[in-house]
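Here are the chains, one letter per residue:
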Number of protein chains: 4
Amino acid sequence: MLIRLGYDIQFEIPAAVAMVAILHVHPSRVEDLREPDNLIIDPAAKTASYIDSYGNRCTRFQASAGLLRLNCSALIEDSGAPDAVDLNAREHPVNDLPHETLRYLLNSRYCEVDRLSNIAVELFGKVSPGWNRVQAICDWVHSKVAFGYHHARSSKTALDVFTERAGVCRDFQHLAITFCRALNIPARYATGYLGDIGIPPVSAPMDFSAWFEVYLENRWWTCDARHNHPRIGRVLMATGRDASDVAITTSFGIANLKHFTVVTEEEFPAAKTGAGS
Amino acid sequence: MLIRLGYDIQFEIPAAVAMVAILHVHPSRVEDLREPDNLIIDPAAKTASYIDSYGNRCTRFQASAGLLRLNCSALIEDSGAPDAVDLNAREHPVNDLPHETLRYLLNSRYCEVDRLSNIAVELFGKVSPGWNRVQAICDWVHSKVAFGYHHARSSKTALDVFTERAGVCRDFQHLAITFCRALNIPARYATGYLGDIGIPPVSAPMDFSAWFEVYLENRWWTCDARHNHPRIGRVLMATGRDASDVAITTSFGIANLKHFTVVTEEEFPAAKTGAGS
Amino acid sequence: MLIRLGYDIQFEIPAAVAMVAILHVHPSRVEDLREPDNLIIDPAAKTASYIDSYGNRCTRFQASAGLLRLNCSALIEDSGAPDAVDLNAREHPVNDLPHETLRYLLNSRYCEVDRLSNIAVELFGKVSPGWNRVQAICDWVHSKVAFGYHHARSSKTALDVFTERAGVCRDFQHLAITFCRALNIPARYATGYLGDIGIPPVSAPMDFSAWFEVYLENRWWTCDARHNHPRIGRVLMATGRDASDVAITTSFGIANLKHFTVVTEEEFPAAKTGAGS
Amino acid sequence: MLIRLGYDIQFEIPAAVAMVAILHVHPSRVEDLREPDNLIIDPAAKTASYIDSYGNRCTRFQASAGLLRLNCSALIEDSGAPDAVDLNAREHPVNDLPHETLRYLLNSRYCEVDRLSNIAVELFGKVSPGWNRVQAICDWVHSKVAFGYHHARSSKTALDVFTERAGVCRDFQHLAITFCRALNIPARYATGYLGDIGIPPVSAPMDFSAWFEVYLENRWWTCDARHNHPRIGRVLMATGRDASDVAITTSFGIANLKHFTVVTEEEFPAAKTGAGS
């Protein structure tokens, strides 16, 4: 399956400001690109690229005052398979976890493991461990939290989601991540492209999406407490402890968002040829 | 100058539990050790050692049920010089900062940059940048926050410190770190040994100490909003975003602290020889 | 001046639920009514009326399942004078305040005097007391907080407003009230009708409005940190410690708001006659 | 049964400050006093007394700079009966509750009904209503929250208690009150004398105590999520929405507590006579 990826993001910049963008497909997916995902910055800016401590590819640059446009159109090949499921995937005892997964057991800005620990144990402590427990967490969050764009706010934490029971993608994942960590299951935040491939078309404007990953049975698995069923065509951009680590763009000063569109669509080669003939 | 370092930490462990300890001197100080800082675990446990994503040396092991004792006695050579000061050290524009410092500008569990950003700008936005601004932040925190062990609580954040104006070492640093980050100065949490070398003896029992580091003029500098004057004989153990990242010990289950002593004292070779003869 | 007041509020009620409405003009304004402000409940419900501990007139009833409509049209005579101003109004020493004002110095749900006390003293402790200090508080809140309906959320407290710097009417007042109380100036929340009388027409749909009152120089004065200039034609409905005490409607179970309009307009008797002839 | 009541509270007052004290037995118990509960203020101050909006007797005065001592010794007659229990006491539908109980269903400073509402319904929504449900709430709080004086902090709310699971008397009651209100059971905070009458002597220094009251079956009932069993010899001082309303002393400026003792002991007339002969 081929998926067309892209975005057009525009900011009004009142004064020159440093920016960091995590607007690339994740290094683990680079080999699948059939058209490169070049980030086009307009007006052009000198960029530097680096891999952050979580393994994400980042681009940094100085944005000039005025209108800033970031855009991209890329094509990626995807297996077309839905998110992997293994009902038998087991939790690792903490002492057997790989070193690099341990940080995904700790507190982070939006995931207050310390404050939700007792609650997690009460809700899920007696559920059989492994895949089943992660699923129970996703089911709980999915059924208890109401989705709505008007519930979004940048400072909302997992505890806020637990008390308010409303939020957007990222909020669902933050709460599920926090519950997993409290139960000693490594969990990390993921962000990327997720169109409505394989499901009925959705009327809402496309956006990037958030999901999360848990470490069970020697690997990371994709989970999604917002949608709560396997999906086709996710294209990972970045992972981190929580939304703080993987903001699509971070501006170190004022940048007013003016326009935002994202494209994530299956592309059919025949149709494309037809259109061009 | 030679400094005797050590600790004796004891836990009552009700059921076997995985632990991670950051109970070593920082890799940057290993070459100064004159006696190694071996962590002795009693009863003995199989350990694994690794360097975490912040560059700290960590030891992990499974603690058995019963009494657990962690202890160490080491000797380190120290310059005896007080914390470096450079009144002319400049802030870097964000776009000129090294990649690896950028994460120390972001939110973390105990440092809610998003919530304290406006306040930081109001308090320090007009202070001349560089060393002077960091000093203004330390002065403010030092003068506004009251120290007291009874003010400690594990979930206290920088915003709590800002409103409650009371805390322990870590709380002073969390607030100062958050202010620095809000002003685009990379700041990270540091923990280590700090005895009363070079100051009048302190009657309180010794403990590990927390301070912080800021990145100015191409390097990291030691700052301390709790004590707020240059000190002699700090021995760094670990740095991270905040206290979440560098807990001396993290137990992934119940471990009840029963005993805790820390030693950080200047050792005089002659006196030692004399005592032994 | 005659002001036409009214509202049409509709709820979908899934199951019978008890409600309390504070949908009357305040007892202090009843004598100004030229047409009574009868609350019409459809379908009709048996009501009970009482004066709460803050002096507000409340109506309670059991709402049946189905569509519930609350509406009213009333006419009130108003002086047409703007909010009173007395630049010389003095603060009372706490010990001289009337007993009944003391509760307006304390903490309440949305006004955490305890957490904002140090901040208030730092910002306004050196401002000359009395009217001038209250004005300084209103100026600060007015200039620092951004208005926007999308910033509304029911659990937002004064501390949240202080850190987020964004909100709706009630948020501006909660922060100003909290600062006043921290400085020992009694301050209470007020809600009522406020149309765009005496100002250029506003395009936003009309709503009830929130303002606040402070006790200076032997009386309560109207203040408004949201608009921050004297207004004409306020019609008070209720006062209390904060928005918790004076919700327009409180339902003790689920009631989904379906429709909400408020009318607050100057009515010109001649024009009215003319329209009818 | 006769109970000796009293206290000796001393403050260091740096500058004259207004104070309000709720240091009297509740008006409902005045007729039981055998020796009056005069508040002796040293140095003497001119006092004013009033009944606040919750029905508590308050004394206000201006404390001079220097040492302030508040003390009292009184004797009260008590039935000696334990707290009343009625396993059949029913909840009232909200619409049948007396007007004056409705405010005890709402949010208050330390009882965030809005934030704990979903949680309360999940935990107790299916428990049979009435006495049994209130008991289930007390059992839950009693078993889940750890008591410890070092867990006290003045800004701790019910939500904090729910997440931290540790606190003092007042914290237990705040959480239980919030749960009750969320389930539409009026609940109010109570403070007063509670010695160790009828139980084995307690080694901790005596203090005032906090409990709470719920409205069931046409009356208020005493509940205590901290001790969670009927006690003998409570002497009520004040009730209110939460601890904000019924602080034993409120100073509107700095007053440093220097000494604090409370007496609550059964007094045996014969023994007393004997001692005097």
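Everything below is about the structure printed above this text.
Residues numbered from 1 in each chain as written. Chains lettered and ligands numbered in written order. Predicted model: local features only at pLDDT ≥ 70, side-chain atom pairs only at ≥ 80, totals over all residues. Heavy atoms only, no water.

**So, the sheet that holds strand β5 (residues 47-51) of chain D**
Residues and elements named next belong to chain D.
(1) Moving on: If you trace the 4 strands from one edge of the open sheet to the other, you get β5-β6-β2-β14, paired in antiparallel fashion. The sheet terminates laterally at β5 and β14 (249-251), the two strands that pair on one side only. Going from strand to strand, the sheet's axes swing by 20° on average, the running direction of each strand aside.
(2) Moving on: Pairing of β5 with strand β6 (residues 57-63) involves 5 bridges; the strand directions are antiparallel. Paired with I51 across the two strands is R57, which belongs to β6. (Pairing = 2+ DSSP bridges. Helix = DSSP H or I, 4+ residues; strand = E, 2+ residues; numbered from the N terminus. Axes fitted to C-alpha atoms, helices over the stretch in contact; angles between N-to-C directions.)

**Quick notes on the environment of Q135 of chain C**
All names here are of chain C.
(1) Moving on: One can find Q135 in helix α2 (residues 131-144).
(2) Moving on: Overall, the relative accessible area of 29% leaves Q135 in the partly exposed class.
(3) Moving on: Expressed as a C-alpha distance, the spacing of Q135 and H229, which sit 94 residues apart in the sequence, is 10.0 Å.
(4) Moving on: At a separation of 3.2 Å, a polar atom in the side chain of Q135 contacts the side chain of N228. (Buried < 20%, exposed > 50% of the residue type's maximum accessible area, 1.4 Å probe, protein only. Polar contact = N/O pair within 3.5 Å; in protein donor to acceptor, adjacent residues only side chain to side chain.)

**Focus on the relation of the copies chain A and chain D**
(1) Moving on: Once chain A is rotated about the relating axis by 180° and shifted along it by 0.0 Å, it coincides with chain D to within an RMSD of 0.0 Å. Between the two chains, the operation in question is that of a two-fold axis.
(2) Moving on: Residue by residue, 100% of the interface of chain A is reproduced at the interface of chain D, so both copies engage with the same surface. (Least-squares fit on C-alpha atoms with pLDDT ≥ 70 in both. Contact = heavy atoms within 4.5 Å.)

**A few points about the sheet that holds strand β14 (residues 249-251) of chain B**
Residues and elements named next belong to chain B.
(1) Moving on: Reading across from one edge, β5-β6-β2-β14 is the order of the 4 strands in this open sheet, with antiparallel pairing throughout. Strands with a single pairing partner mark the edges of an open sheet, and in this sheet they are β5 (47-51) and β14. Between one strand axis and the next, the sheet turns through 20° on average, direction left out of account.

**Let's talk about helix α2 (residues 131-144) of chain B**
(1) Moving on: A rise of 1.5 Å per residue sets the reference length of α2 of chain B, with its 14 residues, at 20 Å; its end C-alpha atoms lie 20 Å apart and thus fit the reference within 8%.
(2) Moving on: Listing the buried residues of α2 of chain B in full gives W131, R133, V134, I137, C138, W140 and V141 of chain B. (Expected span 1.5 Å × (residues − 1).)

**Points about the side chain of D8 of chain D**
Residue and element names in this part refer to chain D.
(1) Moving on: When you line up the elements, D8 lands in strand β1 (residues 2-13).
(2) Moving on: Residue classification places D8 among the buried positions, given a relative accessible area of 14%.
(3) Moving on: Those residues in contact with D8 that sit more than four places away from it in its chain are R69, L70, N71, H259, F260 and T261.

**A short note on the packing of aromatic side chains**
(1) Moving on: Per the counting criterion, the structure on display carries 54 aromatic pairs over all chains.
(2) Moving on: Aromatic side chains F147 of chain C and F172 of chain C sit 6.3 Å apart centroid to centroid with 40° between the ring planes, which places their arrangement in the tilted category. Here F147 of chain C is found in strand β8 (residues 146-147), whereas its partner F172 of chain C is found in helix α4 (residues 169-182), with 25 residues between them in sequence.
(3) Moving on: With a relative accessible area of 28%, F147 of chain C lands in the partly exposed category.
(4) Moving on: Through a chain of ring-to-ring contacts, the aromatic side chains of F124, W140, F162 and F179 of chain A together with F124, W140, F162 and F179 of chain D assemble into a single cluster.
(5) Moving on: The ring centre of Y104 of chain A lies 5.7 Å from the NZ or CZ of R188 of chain A, which sits over that ring.
(6) Moving on: In this arrangement the basic side chain of R188 of chain A is found over the ring face of W220 of chain A, its NZ or CZ atom lying 3.9 Å from the centre. (Phe/Tyr/Trp six-rings, centres within 6.5 Å; stacked < 30°, edge-to-face > 60°. Lys NZ or Arg CZ within 6 Å of the ring centre and 35° of its normal.)

**Points about the relation of the copies chain A and chain B**
Here two copies of a chain appear, and what relates them is a rotation about an axis with a shift along it.
(1) Moving on: Take chain A, turn it by 180°, move it 0.0 Å along the axis, and it overlays chain B with an RMSD of 0.0 Å.
(2) Moving on: Both copies contact each other with a shared surface, as 100% of the interface residues of chain A are interface residues in chain B too.

**Re the pattern of salt bridges**
(1) Moving on: Inspection of every chain in the model, using the stated rule, returns 84 salt bridges over all chains.
(2) Moving on: A salt bridge links E122 of chain D to R165 of chain A; the nearest nitrogen and oxygen atoms lie 2.3 Å apart. Here the residue E122 of chain D occupies a position in helix α1 (residues 113-124), and R165 of chain A occupies one in the loop between α3 (158-164) and β9 (166-167), the pair thus bridging two chains.
(3) Moving on: By relative accessible area, which is 32% here, E122 of chain D ends up partly exposed.
(4) Moving on: Across the pair R234 of chain D and D224 of chain D runs a salt bridge, and its minimum N-O distance is 3.1 Å. Residue R234 of chain D is found in the loop between β12 (219-223) and β13 (235-240), and its partner D224 of chain D is found in the loop between β12 and β13; the two are separated by 10 residues along the sequence. (Salt bridge = Lys/Arg side-chain N within 4 Å of Asp/Glu carboxyl O.)

**With respect to the nonpolar core**
(1) Moving on: Formed by 223 residues in total, the largest nonpolar core has its most connected members in F179 of chain A, F179 of chain B, F179 of chain C together with F179 of chain D.
(2) Moving on: Sequence-distant contacts of F179 of chain B, defined by excluding residues within four places in its chain, comprise L116, I119, A120, L123, F124, I137, W140, V141 and F162 of chain B. (Core = buried A, V, L, I, M, F, W, Y, C linked by side-chain atoms within 4.5 Å.)

**Things to note about the interface of chain A and chain B**
(1) Moving on: The interface of chain A with chain B comprises 35 residues on the first partner and 35 residues on the second.
(2) Moving on: For the pair chain A and chain B, the summed buried area comes to about 2700 Å², and 51% of that belongs to carbon and sulfur atoms.
(3) Moving on: Looking only at chain A, the three residues that lose the most surface to chain B are R60, R109 and F252 of chain A, adding up to 25% of its buried area.
(4) Moving on: Applying the counting rule to chain A against chain B returns 4 salt bridges. (Buried area = accessible area lost by both parts, 1.4 Å probe.)

**As for helix α1 (residues 113-124) of chain B**
(1) Moving on: Helix length check: α1 of chain B, at 12 residues, gives a terminal C-alpha distance of 14 Å against a target of 16 Å (1.5 Å per residue), a shortfall beyond 12%.
(2) Moving on: Taken as a whole, α1 of chain B has its buried residues at V113, R115, L116, I119, A120 and F124 of chain B. Buried residues in α1 of chain B, looked at end-on, bunch into an arc of 135°, giving them a common side.
(3) Moving on: The inward-facing, buried residues of α1 of chain B contact α2, α3 (158-164) and α4 (169-182) of chain B together with α3 (158-164) of chain C. (Arc of directions from axis to C-beta.)

**Overview of the packing of α2 of chain B against α4 of chain B**
All names here are of chain B.
(1) Moving on: Contact geometry of α2 with α4 gives a least axis separation of 10 Å together with a crossing angle of 145°. For α2 against α4, the interelement crossing comes out right-handed. Where α2 approaches α4, its residues V134, I137, W140, V141 and H142 are matched on the opposing element by F172, L175, A176, F179 and C180.
(2) Moving on: Here the contact of α2 with α4 is composed, by residue class, of 9 nonpolar, 1 polar and no charged. (Left-handed = near helix turned anticlockwise from the far one by under 90°. Nonpolar A, V, L, I, M, F, W, Y, C, P; charged D, E, K, R; others polar.)

**Let's talk about the pairing of strand β7 (residues 66-77) of chain B**
Residues and elements named next belong to chain B.
(1) Moving on: As judged from the 12 bridges shared by strand β1 (residues 2-13) and β7, these two strands associate in the antiparallel manner. In the strand pairing of β7, I9 is matched with L70.
(2) Moving on: Of the strand pairs in this sheet, strand β4 (residues 40-42) and β7 are connected by 3 bridges, and their pairing is antiparallel. What sits directly across from I40, in β7, is N71.

**Quick word on the interface of chain A and chain D**
(1) Moving on: Each partner contributes to the interface: chain A provides 12 residues, whereas chain D provides 12 residues.
(2) Moving on: Here chain A packs against chain D, burying approximately 1100 Å² in sum over the two surfaces, 41% of which is carbon and sulfur.
(3) Moving on: The three residues of chain A that bury the most area against chain D are R115, E122 and T163 of chain A, which together make up 49% of that side's buried surface.
(4) Moving on: Summed over the shared surface of chain A and chain D, the number is 6 salt bridges.
(5) Moving on: Scanning the region where chain A abuts chain D turns up 8 residue pairs in polar contact (both at pLDDT 80 or more).
(6) Moving on: At the level of secondary structure, the elements contributing two or more residues to the side of chain A that touches chain D comprise α1 (113-124), α2 (131-144) and α3 of chain A.
(7) Moving on: Considering only residue class, the side of chain A that touches chain D consists of 4 nonpolar, 2 polar and 6 charged.

**Re the pairing of strand β10 (residues 187-193) of chain C**
Residue and element names in this part refer to chain C.
(1) Moving on: Taking burial as the measure, the 7 residues of β10 include 7 buried ones, the bulk of the element.
(2) Moving on: Two elements, β10 and strand β11 (residues 209-216), share 6 bridges in a ladder whose sense is antiparallel. Bridge pairing in β11 places Y189 opposite F212.
(3) Moving on: Of the strand pairs in this sheet, β10 and strand β13 (residues 235-240) are connected by 5 bridges, and their pairing is antiparallel. Within β13, the position partnered with Y189 by the bridge is G240.

**Points about the side chain of R109 of chain B**
(1) Moving on: Its location among the elements puts R109 of chain B in the loop between β7 and α1.
(2) Moving on: For R109 of chain B, a relative accessible area of 5% translates into the label buried.
(3) Moving on: At a separation of 3.0 Å, a polar atom in the side chain of R109 of chain B contacts the side chain of D114 of chain A.
(4) Moving on: Aside from chain neighbours lying at most four places away, what touches R109 of chain B is N107, S108, R109, E112, D114 and R115 of chain A together with S155, T157, D242 and S244 of chain B.

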